[in-house]
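Observations on the three-dimensional arrangement
Residue strings, one per chain:
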Amino acid sequence: MPKLKCPRCGSLKTVPIPYKEPSYGMHEAERSEEAVLLGCLIEPGAPPTRACLGCKHQFRSGRLASLLQSDDFIHFEFSIGGYFGISHRMLIQSEKSGCLLKYGRNTPYPVFDELKKEDFEESPGTAYFEKPLSKSEWLRLAQKLDRCEIIEWKRKFYDKNIIDGTQWSIEIKIKGIRKIAICGSNAYPPTWNNFMNLLRREVDPSIS
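Given the structure is predicted, the values throughout are model-derived calculations rather than measurements.

What counts and what doesn't
The written sequence of each chain sets the order in which its residues are numbered from 1. Under the rules for a predicted model, residues below a pLDDT of 70 receive no local features and side-chain atom pairs below 80 are neither given nor counted, while totals for whole chains, interfaces and linings still include all residues. Computation of side-chain values covers all heavy atoms of the structure but excludes hydrogens and water. Only buried residues count toward a nonpolar core. Its members are Ala, Val, Leu, Ile, Met, Phe, Trp, Tyr and Cys residues joined through side-chain atoms within 4.5 Å. Each residue is placed in one exposure class: buried if its accessible area under a 1.4 Å probe, protein chains only, is under 20% of its type's maximum, exposed if it is over 50%, and partly exposed if it falls in between. Numbered from the N terminus, helices here are DSSP runs of H or I no shorter than four residues, and strands are runs of E no shorter than two. Throughout, a residue-residue contact means that at least one pair of heavy atoms, one from each residue, lies within 4.5 Å. Being paired, for any two strands, means DSSP has found at least two bridges between them.

**Focus on the nonpolar core**
Formed by 35 residues in total, the largest nonpolar core has its most connected members in F76, F78, W138, L145, I150, I170 and F195. If you list the elements that add at least two residues to this core, you get α2 (63-69), β4 (73-82), β5 (88-95), β6 (98-105), α3 (135-146), β9 (166-174), β10 (180-185) and α4 (192-202). Ranked by residue count, the leading element in this core is α4, at five residues. When neighbours within four sequence positions are excluded, F195 is seen to be in contact with F76, F78, L145, C148, I150, W153 and I170.

Right, dumping it as structure tokens:
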């Protein structure tokens, strides 16, 4: 089985959390750092299924996909750029028949969710497109986003030794719960490359 990286610290020393009556073999597995035992009682909600032996963080795959696929999903927004270089903005917003993906490269519009394709004026170095996603297409993309462990990231990543550079942000908005806002400046989470590779495959190869 491939080793899973901790989405908080990047350690590969992560182990499963089995929810059942501990046996002698399971206690031996915990002593040899092959599992973490939390007992057989599962609390309401979505309990963690894996634990990091380094930073002690507990996490669960599938949480983000469930949120993105719920009827309460509003939008997933990502932006990256800086004082120099190219900026990228992506917005996936809920629609009746699925979702609408909006993407802009070097687009100067401050209110991106209100930008319409017919309002965009193309110029050298800029690009903008809209792509409808059916429910099945959004399901596949949501599952791929989930595998990047975004929901488990810390909320802020900053390198205070670098001025200017690259800034980025993610906002996930779900009706009825507090929005998930994550941002960074010249610092990135452990699974950042997975996320960037996904966006380059699914949205624009030039995203970096």
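**A closer look at the sheet that holds strand β3 (residues 58-59)**
Across the sheet, three strands lie side by side as β1-β2-β3; this open sheet has antiparallel pairing. Of all the strands in the sheet, just β1 (14-16) and β3 have a single pairing partner and so form its edges. The pairing of strand β2 (residues 50-52) with β3 spans two bridges and is classified as antiparallel. Residue pairing for β3: A51 is matched across the bridge by Q58.

**Notes on unusual backbone geometry**
Leaving glycine out, the prevailing phi sign among residues is negative, and the prevailing peptide bond configuration is trans. Backbone geometry at E149 places phi at a positive 60 degrees, although glycine is not the residue there. Its place among the elements puts E149 in the loop between α3 and β8 (156-158). Phi is positive for N186, which is not a glycine, with a value near 60 degrees. Among the structural elements, N186 can be located in the loop between β10 and α4. Taking the relative accessible area as the measure of exposure, N186 reaches 14% and is therefore buried.

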